[in-house]
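Spelled out from the first residue to the last, the chains are:
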Amino acid sequence: MSTQIVNIQPLSQPVDLGVEPATFSPQVEAEIDRHLAKYPVIRSAILPLMFIVQRERGYLDPPGVLYLANRLKLRVTDIWEVATFYSMIQTQPVGKYHIQICKTLSCKIRGAGKITEYCSQKLGIKVGETTADGRFTLSEVECLGSCGTAPMFQLNFDYHEDLTPEKIDQILDKLP
Amino acid sequence: MSTELIKVTINGKDFEVPKGARLIDVCRDKGFDIPSFCYYSDLALQASCRMCLVRIEKMPKLQTSCTITCTDGMIVTTQSEEIEKAQRGMTEFLLANHPLDCPVCDRGGECELQEMTFDWGGLEERFTEKKNYYAERYLSPMVANDPQRCILCKRCTRVCDEWMGEEAIEAGGRGAHTVIGTYLGWLDCSQCGNCIEVCPTGTLLDATYRHQTRPWELAQTITTCNFCSDGCQMSLGSRGGEVRRSVARDRYVNGINGEFLCVKGRFGHPFINHDARIRTPMIRYKKGGKLIPATWDEAIRHVAERLDAVAEEHGRNSVGVVGSPRLTNEALHVLHKFTTELVGTENYTTTDAFSLKTFFQHLGGSLATHRDIRYAKTIVLIGGDPSELQPLTGKQIRQAVRNGGATLVLVNSVPIRLREQAKVFLHIRPKSEDAIALALFDVAADSLAAQKAGVEENAVAAARQAIADSTGDVVVMFGRELTDAAQAIVAQLPQKFAVQERRVLFHPLPLFNNSFGAHDMGMMDAPTSAREILNAAGDSIRALYVAGSFLPEHLEGHEGALSKLDFLVVQELFETETTAAADVLLPAASYAEQDGTFTNNDGLVQRVRQSIPALHQSKPDWVIISQLAKELGMDFGYELSASAVFREISEKVPAYSGMRYPLLKDETNPIQAKYEVVGPSNMSAELATVRECVEGLPNNGDKVMVTPEVGTELFKIGTLTDKVGQFHLLASGNPRPETTAISPLYQITSVKSVAETV
Amino acid sequence: MHIKAIGCEPLQLRRVHLERSRTLDVYRRNGGYEAIKKVLDGMSPDDVINEVKKSSLRGRGGAGFPTGMKWSFVPKDSPKPKYVVCNADESEPGTFKDRYLMERDPHMLIEGMLIAGYALNSKTGYIYTRGEYKYLIDIMDVALEEARAAGLVGNNILGTNFSCEIHTHTGAGAYICGEETALLSSLEGLRGHPRMKPPFPAVSGLYAAPTVVNNVETLTAVPDIIKMGGEAYQKLGTEKSGGTKLWSVSGHVNSPGVYELPMGYDDMEKFIMVDCGGMLNGKKLKAVIPGGSSVYIMRADQIIGKDVRMDYEGLVAAGSSVGSGGFIVMDETVDIFESTKNLTEFYKHESCGWCTPCREGTDWLVKVFKRIENGGGRIEDAQLMLDLCDNIEGKSFCPLGDAASWPIQSAIKRFPEDFKKRLLATD
Ligand SMILES: Cc1cc2nc3c(=O)[nH]c(=O)nc-3n(C[C@H](O)[C@H](O)[C@H](O)COP(=O)(O)O)c2cc1C
Ligand code: SF4
Ligand code: FES
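Residues numbered from 1 in each chain as written. Chains lettered and ligands numbered in written order. Predicted model: local features only at pLDDT ≥ 70, side-chain atom pairs only at ≥ 80, totals over all residues. Heavy atoms only, no water.

Along its length, chain B carries 26 helices and 28 strands. Its C-alpha radius of gyration of 28 Å places chain B within 12% of the 27 Å reference for a compact globule of 758 residues. Overall, chain B is about 90 × 65 × 50 Å in size when its C-alpha atoms are taken along their principal axes. Burial statistics for chain B: of 758 residues in total, 63% are counted as buried. Of all intrachain contacts in chain B linking residues separated by at least 6 positions in sequence, the fraction that spans at least 24 positions is 70%. Put simply, chain B shows about 28300 Å² of open surface, and 50% of that area lies on carbon and sulfur atoms. In chain B, which carries 78 positive and 96 negative side-chain charges, the distance between the mean positions of the two groups comes to 4 Å. (Helix = DSSP H or I, 4+ residues; strand = E, 2+ residues; numbered from the N terminus. Rg over C-alpha atoms; globule rule 2.2 N^0.38 Å. Buried < 20%, exposed > 50% of the residue type's maximum accessible area, 1.4 Å probe, protein only. Contact = heavy atoms within 4.5 Å. Areas by Shrake-Rupley, 256 points an atom, 1.4 Å probe, with all protein chains shown as cover. Lys, Arg positive; Asp, Glu negative; His and termini not counted. Charge placed at Lys NZ, Arg CZ, Asp CG, Glu CD.)

Quick look at the structure:
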């Protein structure tokens, strides 16, 4: 990391991970270009691009990491250091549906624990696990800014608030 | 830092300090001890360990003295109950998740955490919870890692980033789960091991030294590295007659390189005690016969007789003498004396492929030291690739730019890694370095140079402008790409760029640890080159005395030359292509087994010190030659004392006059040779030569577009690195082994075959 | 969820209940983009800064730094570009006001950023939104597109020679990136570690250029300040705390939600018991954390019958602070030991790991909490925890360390019984 040292022209370095970098459709490439165009320093686009790679490939797998390194003119380790800092960036595979239950104080005192228990039972997995079919991952996360509508979870990017077991049934049962 | 003085009060005492001084440095300088982990004066500030807390009047909280710039009238307290409690608290925090099994840790005994805990920590251990656990692992053949011991001072990531420009090792994860490492846990870098050196704890460790000895069982010997011309100071740790490791830790040594070493300096030492060392003198009594062990007396007598006979029969000039630029000044001096005063031949040279003769003849300014480079504001680098060939110089350039905002003008036919730091990069065609040198001297050659080098018409003007726009001294560096005449021109660049308050300093980039010494001792005075000697072998040259070996590039195209000689004597550590044809082989001692001096590319004359007794029957090169001289009837009179040889050098070589070993003993204040600086000279002859050369260059041709991978030169297997298994792994592309829990060396067993198959 | 103003005319919440409130059309028909017009019609950048100074607007992100003063620190003569960065990282537990401002009235934020951009001579603005609020980024992107099409964002705004582009940016799950310098590290594509101050962002921030970082609510207050004048805005509140403030209310009340109160609203007890619908299920009030998790926890008896004034000074006097205005109400069923453990886990999870005391201290504290929870409490643990907090507080690199220690310190001191019973259990 080079804090405060800007203006150093980054040097892309060939790295041999034994895999080819990921490739994306022209539409996705165009989306990536739009993000890159926002910043005077390309590295700034690292988080937006990570979300795109993650959306397209499920998580930051080695081809995805290599793609990011090439695209951002960084070393793979630079991708790694950033990816592992942010809790929303997945460096391991996660289920198709990622249920993230807020466990912080406001939710906790309004029954987050029961929600976790219910989901855990319903899906047959513990927190931190993924169902065998790869559909669901269950996580507990810190405050998601829904304290006034507690308890809640985020299913991938969607907020589901004022949860009750019935509501959870409705939400999960109608997932494709 | 300015020279203006301001007043600060520390613990009730008043001091005058330079304006802009850093508080932690001032306190320490004035004798007030301040603990710290993350502070490292040659790296960007971090302020994360929170050990260096002090109280400053009018500031609300305790302040980190590493981040405070002294201001006039500042009142500081470094010791109080409050501060001591905080420091005890920080130490306690650092120890919380740190294993307390110092007796099994390689760093035990030289661990800063251990020392800080003794000095600043509490007595009581209040942390009774379970510690976070991480498994030990190997990050590379050179670097072992025990993540649990990490206190996250991030000196390692900063040296990797700021010194090396490699950003190979970084922090991953967050909070208490932060770990230092790399993507997929394999370290792909130049393996300098500086991260190991600066690590205050046992987190990053020398993988080649794991579990060998406790540091206090090692005898530490301060000496000079025997690989490249930068001349790093290092401390060899030896035990039981064996060199176990090489470090630059500031607790042992504090030379021009600080704690920096490169992969060779740090990990190249195992050749010293390698089994393949030549053990006894050997004589091949008959051409085509075998080398048969002999006593020193027999061997010396045999050599003396045969050399005498050849000289008798074919004349003095039929005996050639060749010395390696790896030898000490003492050896090269004695060899030169032997050659000129005893043998009396004109056919002598060194096995350096880069002669600095014309450069020194025209030297128009002083030599830059590595310190000058670090703080330079303008650097011009023509040819060369210091990151690979003179790594300390590479680091200094990088830091001059990154930490000091220097302007780097880079002229190179290869897009070397330092181009990352260059303000102006003239990406020229191969072999057109002379053209740019010419144009830098002579504006009239701008368009000729542009045409031949394949750069924009105004490129040289842009380079000149960048130099003019920057301030401070101009450091000019050049690699072996420049021809002799072009070197002369470059040496006279002060004519063009030196103005008042602005010197032009030089930093040539030869390849060997004592390339400078070989020049200074006169071994380059004769007009002969190594290739010419090989050309004449078997014809006008009938006998050859070689201290060291020819380089592969010399032997290329001269494969049979050595066996055509009537008589070949070689002094060596190991068998080489050169020794294969030797009629007498004499076992030489390595630099770790003798006293002496090397002169680095700053012109600094630095000490080589004996770390272990000479192995087997080997002897220092200069001793062997003196004994031979004695046998031939001339007693040099050194009485086995290297310092006597050096005294003679200081009397003979004007640049070394007045130097004595005692004056050279402090590696922190190295002494620079006083090379004669010539004033502005008429360069028309040299200019004409270079212009003719340049005009003969083609007007087109391809450029090298690929940046060489890290290690292209550093990992090349030479006679010495060939003896280190780990280098073979690096040369084979540093493959990631199946598991990182065990040293890759033990997993990839047939190292040599790995090297051969790739 | 209730979103409404109490004790004042809704200012920030004026449009939130309008249909299609997030469209440019509705915004414009309800007074939107009049302030930027007024600014471009003849105010100088200094005029704008002066109005903001007069308004006594204090940063709503948590630190409460006077906004006008912050803006005046930006060096006018710097040749570097200048940046306005909106801090929409909103990750403080109990805080969710920015979310509704952006969801319901995105153009108000855009207008506020434009005015800030004008005042600071900045041509580029970034809205750093926490990654979890992806839907808000989409809303902001649509709003920005609308504004761009209408000549309100981009080049030559409203036909003048003032140009300012605004971009959205996403975080990715890191509370520390709400701290302004960590936010800038993150925006530069680095790990979200805080940076040393000085230099302050106003002098050397994003890409080492002068940068102002402001909270969403701070920036959305600016259009009204311009329209009504700084003085009038200040008068809505008190002398030192001007204007109105949004409070995010959660926990055991009947009507959690976002409430806009004038600064200096006179009674915290009334606010809880009446305005927020009173205690859920009629239970008794036990504790309140009034300013997001990073402030001192208050006992019911510090509130009931105490006429606690709700502004910066009033809350400090009552033994806590405004922070981010995240108001967490806890009834008698809550075990303060458990709630404190919960928050400590939060801080441990969110500590960036840069500095020793915060990284190791929070890790240690969580371990102590867990041990006590599992029945391993020792009588000296309370003292140990207080001492560890003392070793973190004031020694950490950034305020997160302080933030982690305050809830524990105040909880142990103000609710000793909830701790003692666990520590004695093993004796
Ligand atoms: C740990 C920590 C977290 C913070 N999180 C936020 C946040 O989520 N949103 C915010 O606006 N400010 C947050 N802040 C405050 C910011 O550092 C900064 O003071 C603020 O963005 C300035 O804007 P303002 O003056 O408009 O309040 C946080 C501060 C700290 C120390
Ligand atoms: S207090 Fe230290 S470890 Fe904690 S968030 Fe701030 S810098 Fe990071
Ligand atoms: S040395 Fe100052 S904080 Fe580490």
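Within chain C, the secondary structure is distributed over 17 helices and 10 strands. A compact globule built from 427 residues would reach a C-alpha radius of gyration of about 22 Å, and chain C, at 22 Å, matches this within 12%. Seen along its three principal axes, the alpha-carbon backbone of chain C occupies a region of about 75 × 45 × 35 Å. Taking the contacts inside chain C whose residues are at least 6 apart along the sequence as the reference set, 72% of them involve residues at least 24 apart. As displayed, chain C offers around 13500 Å² of accessible surface, 52% of which is attributable to carbon and sulfur atoms. Positive and negative side-chain charges of chain C, numbering 51 and 56 respectively, have mean locations separated by a distance of 1 Å.

Here the focus is empty space enclosed by the protein. Here the structure, examined in full by the defined rule, presents 13 cavities of 30 Å³ or more. Forming the boundary of the largest cavity are 14 residues, of which B:N97, B:Y134, B:C150, B:A176 and C:E360 lie nearest the centre. Across the lining of the largest cavity, the residue classes tally to seven nonpolar, five polar and two charged. Empty space within the second largest cavity amounts to approximately 120 Å³. Those elements that place two or more of their residues in the lining of the second largest cavity are α5 (194-198), β10 (204-206) and β13 (242-247) of chain B. Top element by residues in the lining of the second largest cavity is β13(B). It accounts for three residues. (1 Å grid on protein atoms, 1.4 Å probe; cavity = no way out; pocket = protein on both sides within 12 Å on 5 of 7 lines; lining within 4 Å. Points joined across faces, edges and corners; volume = space filled by probe spheres on them. Nonpolar A, V, L, I, M, F, W, Y, C, P; charged D, E, K, R; others polar.)

Of the residues lining the interface, 35 residues belong to chain C; the matching set on chain B comes to 37 residues. At the boundary of chain C with chain B, the tally comes to five salt bridges. Salt-bridge contacts for B:K85 lead to C:D390; the nearest nitrogen and oxygen are separated by 2.7 Å. Elements with a minimum of two residues in the side of chain C that touches chain B: α13 (336-350), α14 (356-376) and α15 (381-392) of chain C. Considering each element in turn, the side of chain C that touches chain B owes the most residues, 10 residues, to α14(C). Across the side of chain C that touches chain B, the residue classes tally to 12 nonpolar, 10 polar and 13 charged. (Salt bridge = Lys/Arg side-chain N within 4 Å of Asp/Glu carboxyl O.)

The next thing to look at is the side chain of B:T393. Residues and elements named next belong to chain B. Of note, T393 is situated in helix α12 (residues 391-402). Polar contacts involving the side chain of T393 include one to the side chain of H370, which spans 3.1 Å. Leave out the neighbours within four places in its chain, and T393 touches D230, H370, I373, P386, M477, H507, L509 and N601. (Polar contact = N/O pair within 3.5 Å; in protein donor to acceptor, adjacent residues only side chain to side chain.)

A few words on the environment of C:V52. Residue and element names in this part refer to chain C. In this structure, V52 sits in helix α3 (residues 45-54). Separated by 64 residues in the primary sequence, V52 and A116 place their C-alpha atoms 9.9 Å from one another. Once residues lying within four places of it in the same chain are set aside, the contact partners of V52 are L57, T67, G68, W71 and I225.

Here we take up the interface of chain C and chain A. One frequently used descriptor of interface size is the decrease in accessible area upon assembly of the parts. Across the contact, 62 residues belong to chain C and 42 residues belong to chain A. Roughly 4100 Å² of surface becomes buried between chain C and chain A when both sides are summed, with 61% attributable to carbon and sulfur atoms. For chain C, the biggest contributors to the area lost against chain A are C:A172, C:L190 and C:R191; these three give 15% of the whole. Connecting chain C to chain A are three salt bridges. The partner of A:E161 in a salt bridge is C:R99, with the nearest N and O atoms 3.1 Å apart. At the level of secondary structure, the elements contributing two or more residues to the side of chain C that touches chain A comprise α5 (97-104), β3 (124-129), α7 (134-149), β4 (165-170), α8 (180-187), β6 (244-251), β10 (326-331) and α13 of chain C. Ranked by residues supplied to the side of chain C that touches chain A, first place goes to α13(C) with eight residues. When its residues are assigned to classes, the side of chain C that touches chain A shows 31 nonpolar, 20 polar and 11 charged. (Buried area = accessible area lost by both parts, 1.4 Å probe.)

A few words now on the site of ligand 2. In the vicinity of ligand 2 lie 13 residues, with C:S351, C:C352, C:C355, C:C358 and C:C398 positioned nearest. Its residues placed into classes, the shell around ligand 2 shows nine nonpolar, four polar and no charged. (Near = heavy atom within 4 Å.)

All names here are of chain B. Ordered in space as β2-β1-β5-β3-β4, the five strands form an open sheet in which the pairing is mixed. The sheet is open, and its two borders are formed by β2 (13-18) and β4 (63-64), each paired with just one other strand. Strands β3 (53-56) and β5 (74-77) of the sheet are contacted by helix α2 (residues 81-96), whose axis makes an angle of about 155° with β3. (Pairing = 2+ DSSP bridges. Axes fitted to C-alpha atoms, helices over the stretch in contact; angles between N-to-C directions.)

This part is about the pattern of salt bridges. By the definition in use, this model includes 83 salt bridges over all chains. We note a salt bridge from B:K19 to B:E4, for which the minimum N-O separation is 3.9 Å. Of this pair, B:K19 sits in the loop between β2 and α1 (23-29) while B:E4 is found in the segment before β1 (5-10), placing the two residues 15 residues apart along the sequence. B:D161 is the partner of B:R402 in a salt bridge, and the nearest nitrogen-oxygen pair spans 3.1 Å. With a gap of 241 residues between them, B:R402 in helix α12 and B:D161 in helix α4 (residues 155-163) connect regions that are remote in the sequence. Each of the two residues, B:R402 as well as B:D161, counts as buried. One salt-bridge network, in which partners are shared between bridges, spans A:K103, A:E142, C:K341, C:E345 and C:E373.

When glycine is set aside, most residues are seen to have a negative phi, and most peptide bonds are trans. The omega torsion of the bond from A:A150 to A:P151 falls at -10°, within 30 degrees of zero and hence cis. Inspection of the secondary structure assignment puts A:P151 in the loop between β2 (136-141) and β3 (153-155). Cis geometry is adopted by the peptide bond preceding C:P198, which originates at C:K197 and carries an omega value of -10°. With respect to the helices and strands, the residue C:P198 is situated in the loop between α8 and β5 (211-215). In this structure, B:L152 is a non-glycine residue whose phi angle is positive, near 55°. Looking at the element boundaries, B:L152 is found in the loop between β7 (143-145) and α4.

A few words on the confidence of the model for chain C. Predicted confidence across chain C gives a mean pLDDT of 96, with 99% of residues reaching 70 or more. Complex prediction metrics read pTM 0.94 and ipTM 0.95. (pLDDT = per-residue confidence, 0-100.)

Okay, the sheet that holds strand β1 (residues 97-102) of chain A next. Residues and elements named next belong to chain A. Strands sit in the order β2-β1-β3-β4 across an open sheet of four strands; the sheet is mixed. A strand with exactly one partner marks an edge of an open sheet, and here the two such strands are β2 and β4 (158-160). Across the sheet, the mean angle separating the axes of adjacent strands is 25° when strand polarity is ignored. Looking at chain direction, β1 and β2 are connected through six bridges and run parallel. Each residue of the ladder has a partner; that of H98, found in β2, is T137.

All names here are of chain B. Look at helix α16 (residues 484-491) against helix α23 (residues 684-695): their axes get within 9 Å of each other, and the N-to-C directions meet at 130°. Between α16 and α23, the angle falls in the class oblique. The handedness of the crossing between α16 and α23 is left-handed. Between α16, through A485, A486, A488 and I489, and α23, the contact on the second element is made entirely by E686, L687, T689 and V690. (Parallel < 35°, antiparallel > 145°, perpendicular 65-115°, else oblique. Left-handed = near helix turned anticlockwise from the far one by under 90°.)

This part covers the site of ligand 1. Residue and element names in this part refer to chain C. Lining the immediate surroundings of ligand 1 are 19 residues, of which G61, N87, N214, N215 and T218 lie closest. Between N87 and ligand 1, the recorded distance is 2.8 Å, taken from a side-chain N or O atom to an oxygen atom. Contact between ligand 1 and T218: an oxygen atom at 2.6 Å from a side-chain N or O atom of the residue. Relative to its free-state accessible area of 600 Å², ligand 1 is covered by the protein chains to the extent of 90%.

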